Amino acid sequence: MSLNQQTTPINTSEVARSLTLTVLFVVMLVFLASVLVPTDARAARLKDIASFSGVRNNELVGYGLVVGLAGTGDGTSSSFTMRSMANMLEKMGVEANPDKLKPKNVAAVMVTAKMPVSAKPGSAIDVTVSSLGDAKSLLGGILLLTPLKGLDGRVYAVGQGALTIGGFSIGGEAADAQKNIPTVGRIPNGAIVERGVPFRFNSQHSMTLNLSVQDFGTTMQVVNKINASMGGGFASATDISTIELELPDKFRGNMVPLMASLENLDISPDGKARVVVDEKTGTVVLGQDVRLSKVAVAHGNLQIVVSETQEVSQPGPFSDGQTVVSPATDIQVQEQNNQLMLMEGATLQELVDGLNSIGAAPRDLISIIRALKVAGSLHAEVEVI
């Protein structure tokens, strides 16, 4: 064996390539593991089921005029429109008699907007414009300068601009056509905030959370998760849907990082089992926790059809009789003979299958659900809307 053995040189590029592939493979495994981890399908973020004190909208409202309409504005019956036009023209230095104005191209409107508490002077917000008189359409109109006031009577924003209408209305003497509501429009960024709400979010020493779910279990779940996230007993429940949160010293004056972490907490809302019935449309909605004890149900429809016809009785020729009309009534009765069905629903799917097994239509379900509730077999709250 020779002492002068030749060694194979190491290819650094191949080593780097193999290390890169290994790292990519590990990263892919970590990503798939995070994606494939089972999550609670009922989980919701805290910000989707709760509102925080100091984070709200302020309603604004104002009265204005929309001009430039193609003969679809208010008629002469809207006296307030004519007075508003006269007042506006007087401010412009033009004298006008309200009795001689014909506001076919002008409409009186109410302007509404929602101003966030964080809106500062100079920021833009959307406005909604609604007809106040008997205008046929606001298509093509322009809102004149309109002050928007808050509940305290102070002006917080000023709106003006061209309207966007999501519909139309056209017609003639014999027919007309309409799509959506042409007397309501919007102006994106149509108002400029002139005065902000005097509220400092970061100056709070405590915060109130109002849950939209009225349930003690859900409230305590939120309290426990907030305390676990913050590492202390900072949250406490005052009633079924209100939570008081004491702010730690390190977050006072800088609450945004704390709220950003809390609002994304996963919560599994719970509540009473509920059945919602809409008799106007025949819609029935059953919650997931609705349960049904063992009960026997038989449901059959009774249909009665009464039809009336008129029969004419003619006298014989050359007789002294008179032609008379006599009514004829035809009555048909149809009744379904459904058998008694045994129903029991430990789950929502079993309950739906049991109701479908007796051939119940949506409007039949309303009667069945009410009867089950009276019998004490339906363990849910029935709400009729």
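Keep in mind the model is a prediction, meaning the values are calculated, not measured. (Residues numbered from 1 in each chain as written. Predicted model: local features only at pLDDT ≥ 70, side-chain atom pairs only at ≥ 80, totals over all residues. Heavy atoms only, no water.)

**Student:** Hey, could you run me through the overall build of the chain in this one?
**Tutor:** Each helix and strand counted, the chain has seven helices and 23 strands in total. Buried positions account for 29% of the 385 residues belonging to the chain. In the chain, once contacts between residues fewer than 6 apart in sequence are set aside, the share between residues at least 24 apart is 69%. Accessible area for the chain stands at about 24,700 Å²; split by element, carbon and sulfur atoms hold 56% of it. (Helix = DSSP H or I, 4+ residues; strand = E, 2+ residues; numbered from the N terminus. Buried < 20%, exposed > 50% of the residue type's maximum accessible area, 1.4 Å probe, protein only. Contact = heavy atoms within 4.5 Å. Areas by Shrake-Rupley, 256 points an atom, 1.4 Å probe, with all protein chains shown as cover.)

**Student:** Can you help me understand the environment of Asp270 in this one?
**Tutor:** On the secondary structure map, Asp270 appears in the loop between strand S15 (266-267) and strand S16 (274-278). For the pair Asp270 and Gly217, spaced 53 residues apart in the sequence, the C-alpha separation amounts to 7.0 Å.

**Student:** What should I look at first to understand the packing of aromatic side chains in this one?
**Tutor:** Both the distance between ring centres and the angle between the ring planes are used here to describe each pair of aromatic rings. Summed over all chains, the structure comprises zero aromatic pairs. Its end group placed over the ring of Tyr156, Arg195 keeps NZ or CZ at 5.8 Å from the ring centre. (Phe/Tyr/Trp six-rings, centres within 6.5 Å; stacked < 30°, edge-to-face > 60°. Lys NZ or Arg CZ within 6 Å of the ring centre and 35° of its normal.)

**Student:** Honestly, the sheet that holds strand S2 (residues 50-52) in this entry has me stumped. Any pointers?
**Tutor:** Two modes of strand pairing occur in sheets, parallel and antiparallel, and in both the strands are linked by backbone hydrogen bonds. The sheet built from four strands is open, its strands ordered S2-S12-S14-S13 with antiparallel pairing. Only two strands of the sheet have a single partner each, and these edge strands are S2 and strand S13 (235-237). Strand-to-strand twist of the sheet, defined as the mean angle between neighbouring strand axes without regard to direction, takes the value 25°. Both S13 and strand S14 (residues 242-246) contribute to a ladder of three bridges, which runs antiparallel. Counted as the bridge partner of Ala235 is Leu245 from S14. (Pairing = 2+ DSSP bridges. Axes fitted to C-alpha atoms, helices over the stretch in contact; angles between N-to-C directions.)

**Student:** Help me understand the environment of Glu350, please; the structure alone is not making it clear to me.
**Tutor:** For Glu350, the position within the fold is in helix H6 (residues 348-357). Judged by its relative accessible area of 39%, Glu350 falls in the partly exposed class. Note: C-alpha distance between Glu350 and Arg291 (59 residues apart in sequence) is 9.3 Å.

**Student:** Any chance you could explain helix H3 (residues 79-91) here in plain terms?
**Tutor:** Since the α-helix turns once every 3.6 residues, residues separated by three or four places project in the same direction. Taking 1.5 Å of rise per residue, 13 residues should cover 18 Å, and H3 covers 19 Å from first to last C-alpha, within 8% of that figure. Buried residues of H3: Thr81, Met82, Ser84, Met85 and Ala86, and no others. The inward-facing, buried residues of H3 abut strand S3 (57-67) and strand S4 (106-116). One or two steps after H3, the chain reaches Gly93, where phi turns positive at roughly 90°. (Expected span 1.5 Å × (residues − 1).)

**Student:** Explain the side chain of Thr218 here, please?
**Tutor:** Structurally, Thr218 is set in helix H4 (residues 216-230). Among residues more than four places away in sequence, those in contact with Thr218 are Val213, Ile267, Ser268, Pro269 and Asp270.

**Student:** How should the pairing of S3 be read in this particular structure?
**Tutor:** Along any regular strand the residues' side chains alternate between the sheet's two faces. Here S3 pairs with S4 via 11 bridges, running antiparallel. Residue pairing in the sheet places Gly62 in a bridge with Val111 of S4.

**Student:** Explain unusual backbone geometry here, please?
**Tutor:** Most peptide bonds take the trans form, and the phi angle of most residues other than glycine is negative. Although it is not a glycine, Asn189 adopts a positive phi angle of roughly 55°. Inspection of the secondary structure puts Asn189 in strand S11 (residues 184-193). Asn189 gets classed as exposed once you look at its relative accessible area, which sits at 51%.

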